[in-house]
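# Breakdown of the fold
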Amino acid sequence: MRDLGGPVDFVLIDGWPGEGGPSLAREVIEIVAPQLLIGGYVMNDNAEPDYLDFIRDPRNGFVSMTLPLKGGTELSLKLA
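Not measured: the values here are computed from a predicted model.

## Looking at the overall build of the protein chain
Secondary structure summary: the protein chain contains two helices and four strands in total. Sequence-ordered secondary structure for the protein chain, helices as α and strands as β, is β-α-β-α-β-β. The C-alpha radius of gyration computed for the protein chain amounts to 12 Å, which stays within 12% of the reference 12 Å derived for 80 residues, consistent with globular compactness. Its C-alpha atoms put the protein chain at 30 × 25 × 20 Å along the principal axes. Here the protein chain holds 80 residues, and the buried ones make up 39% of them. Taking the intrachain contacts of the protein chain between residues at least 6 apart in sequence as the baseline, contacts between residues at least 24 apart amount to 62%.

The structure is reproduced here in structure tokens:
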């Protein structure tokens, strides 16, 4: 895990799909999620499918919704 220098309460992830592997957004959320405060928000532009798989999995502690913006923008709240 990479240290972000302390807990964070908002993260904007704007990545792109990987070729044959995880998207950059998926890699970033896996690093950031443990350091995000409960009640913190994550916004993802592009809504990469593997990112959505992670953020919508209840075991990862988020509630999430797609915003009606271009290309799929996901807003997520960390609950646990």
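## Topic: the sheet that holds strand 2 (residues 36-45)
Consider a sheet: its strands pair through backbone hydrogen bonds, and that pairing is either parallel or antiparallel. A sheet is described by the order of its strands in space; here four strands give the open sequence 1-2-4-3, paired in mixed fashion. Across the chains shown, the open sheet's two edge strands, defined by having one partner strand only, are strand 1 (8-14) and strand 3 (62-67). Sheet twist, expressed as the mean angle between neighbouring strand axes with direction ignored, is 15°. Here strand 3 runs beside strand 4 (residues 73-78); their pairing, made up of six bridges, is antiparallel. Opposite serine 64, over in strand 4, you have serine 76 as the bridge partner. Sheet strands in contact with helix 1 (residues 24-32) are strand 1 and strand 2, and its direction is about 170° off that of strand 1.

## A short note on the pattern of salt bridges
What the rule picks out here adds up to three salt bridges. Of the charged contacts in the structure, one is a salt bridge between glutamate 30 and arginine 26, with a shortest N-O distance of 2.5 Å. Separated by four residues within a single helix, glutamate 30 and arginine 26 lie in helix 1, roughly one turn from each other. A salt bridge links aspartate 57 to arginine 59; the shortest N-O distance between them is 2.5 Å. Its relative accessible area of 17% is what places aspartate 57 among the buried residues.

## Looking at the nonpolar core
Side chains of a nonpolar character, in soluble globular proteins, are inclined to be buried together. If you look at the biggest cluster of nonpolar residues, it comprises 15 residues, and the most contacted ones within it are Ile13, Ile29, Val42, Tyr51 and Phe62. Counting only elements with at least two residues in this core, the list comes to strand 1, helix 1, strand 2 and helix 2 (49-55). For this core, the element with the highest residue contribution is helix 2, accounting for four residues. Residues contacting isoleucine 29, with those up to four places away along its chain left out, are Ile13, Val42, Tyr51, Phe54 and Ile55.

Calculation rules
Residues numbered from 1 in each chain as written. Predicted model: local features only at pLDDT ≥ 70, side-chain atom pairs only at ≥ 80, totals over all residues. Heavy atoms only, no water. Helix = DSSP H or I, 4+ residues; strand = E, 2+ residues; numbered from the N terminus. Rg over C-alpha atoms; globule rule 2.2 N^0.38 Å. Buried < 20%, exposed > 50% of the residue type's maximum accessible area, 1.4 Å probe, protein only. Contact = heavy atoms within 4.5 Å. Pairing = 2+ DSSP bridges. Axes fitted to C-alpha atoms, helices over the stretch in contact; angles between N-to-C directions. Salt bridge = Lys/Arg side-chain N within 4 Å of Asp/Glu carboxyl O. Core = buried A, V, L, I, M, F, W, Y, C linked by side-chain atoms within 4.5 Å.

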